Amino acid sequence: QVQLVESGGGLVQAGGSLRLSCAASGSIFRINAMGWYRQSPGKQRELVAEITSSGNTNYSDSVKGRFTISRDNTKNTVYLQMNSLKSEDTAVYSCNQEVITVLNGRVIAWGPGTQVTVSS
């Protein structure tokens, strides 16, 4: 099995910054794509940013230029640096990793989510 643990959420004023982390543990052979999603009340979950195993990145238009996704393959961890935060960034942020496990092949793992609240 694979477990994801997120950290770094919290309350911040508009214009501030937060850094989210998501570490994977378990029977991991390799991790392919990693990503961050968010969901706010009454809205569908949306992709925020993703990064491939080779380091290619993709961002939603709403966060381009403000958020940066990165990964540390030695730690099985993906990060999301969020700058110039806006009230509309308030949501539960969840990480997602495409994991190739030792015994069970390809697994799509999700973290439990971490709340990010931006006060205006």
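Since the model is a prediction, treat every value here as computed from it, not as a measurement.

Turning our eyes to something else, we now look at the overall build of the protein. Secondary structure summary: the protein contains zero helices and 11 strands in total. Order of helices (α) and strands (β) in the protein, N terminus to C terminus: β-β-β-β-β-β-β-β-β-β-β. In terms of overall size, the protein behaves like a compact globule, its C-alpha atoms giving a radius of gyration of 14 Å where 120 residues would be expected to give roughly 14 Å. Along the longest, intermediate and shortest principal axes, the C-alpha atoms of the protein span 45 × 25 × 25 Å. A total of 120 residues make up the protein; the buried ones form 42% of that total. By sequence separation, contacts in the protein at least 24 residues apart represent 54% of the contacts at least 6 residues apart. Summed over its atoms, the accessible surface of the protein is roughly 6400 Å², and 47% of this surface lies on carbon and sulfur atoms. Averaging the positions of the 11 positive and the 8 negative side-chain charges in the protein gives two centres separated by 2 Å.

For any pair of aromatic rings, the description rests on two quantities: the centre-to-centre distance and the angle between the ring planes. Tallied over the full model, the rule gives one aromatic pair. Against the face of Tyr-37 rests Arg-45, its NZ or CZ located 5.8 Å from the ring centre. Looking at Arg-45, its charged tip hangs above the ring of Trp-110, at a distance of 4.0 Å from the centre.

Quick look at the state of the cysteines now. According to the stated counting rule, one finds one disulfide in the structure shown. A sulfur-sulfur distance of 1.8 Å marks the disulfide that ties Cys-22 to Cys-95. Taking the sign of the S-S torsion, about 40° here, the bridge from Cys-22 to Cys-95 comes out right-handed. Of this pair, Cys-22 sits in strand β3 (residues 18–26) while Cys-95 sits in strand β9 (residues 91–101), and the two are 73 residues apart along the sequence. Cys-95 shares its class with Cys-22; the two are buried.

Attention now goes to the environment of Val-99. Relative to the helices and strands, Val-99 resides in strand β9. For the pair Val-99 and Asn-76, spaced 23 residues apart in sequence, the C-alpha separation works out to 9.8 Å. Contacts of Val-99, omitting those with residues within four sequence positions, involve Val-2, Ile-28, Arg-30, Ile-31, Gly-105, Arg-106 and Val-107.

On to the environment of Lys-86. Summarising the element assignment, Lys-86 is placed in the loop between β8 (77–82) and β9. The partly exposed category is assigned to Lys-86, whose relative accessible area is 35%. Ignoring sequence-local partners within four residues, the contact set of Lys-86 consists of Arg-66 and Val-118.

This brings us to the pairing of strand β1 (residues 2–7). Consecutive side chains along a regular strand alternate between the two faces of the sheet. Burial along β1 is one-sided: Val-2, Leu-4 and Glu-6 are buried, and none of Gln-3, Val-5 and Ser-7, which face the opposite way, are. One ladder, built from six bridges, connects β1 with β3; its direction is antiparallel. Paired with Ser-7 across the bridge in β3 is Ser-21.

It is worth spelling out the nonpolar core at this point. With 29 residues, the main nonpolar core has Trp-36, Leu-80, Met-82 and Tyr-93 as its most contacted residues. Elements that contribute at least two residues to this core include exactly β1, β3, β4 (28–39), β5 (46–51), β7 (67–72), β8, β9 and β11 (114–119). Apart from the residues within four sequence positions on either side, Leu-80 is in contact with Leu-18, Arg-19, Leu-20, Trp-36, Val-48, Ala-49, Phe-67, Thr-68, Ile-69 and Tyr-93.

Conventions we followed
- Residues numbered from 1 in each chain as written.
- Predicted model: local features only at pLDDT ≥ 70, side-chain atom pairs only at ≥ 80, totals over all residues.
- Heavy atoms only, no water.
- Helix = DSSP H or I, 4+ residues; strand = E, 2+ residues; numbered from the N terminus.
- Rg over C-alpha atoms; globule rule 2.2 N^0.38 Å.
- Buried < 20%, exposed > 50% of the residue type's maximum accessible area, 1.4 Å probe, protein only.
- Contact = heavy atoms within 4.5 Å.
- Areas by Shrake-Rupley, 256 points an atom, 1.4 Å probe, with all protein chains shown as cover.
- Lys, Arg positive; Asp, Glu negative; His and termini not counted.
- Charge placed at Lys NZ, Arg CZ, Asp CG, Glu CD.
- Phe/Tyr/Trp six-rings, centres within 6.5 Å; stacked < 30°, edge-to-face > 60°.
- Lys NZ or Arg CZ within 6 Å of the ring centre and 35° of its normal.
- Disulfide = S-S within 2.5 Å.
- Pairing = 2+ DSSP bridges.
- Core = buried A, V, L, I, M, F, W, Y, C linked by side-chain atoms within 4.5 Å.

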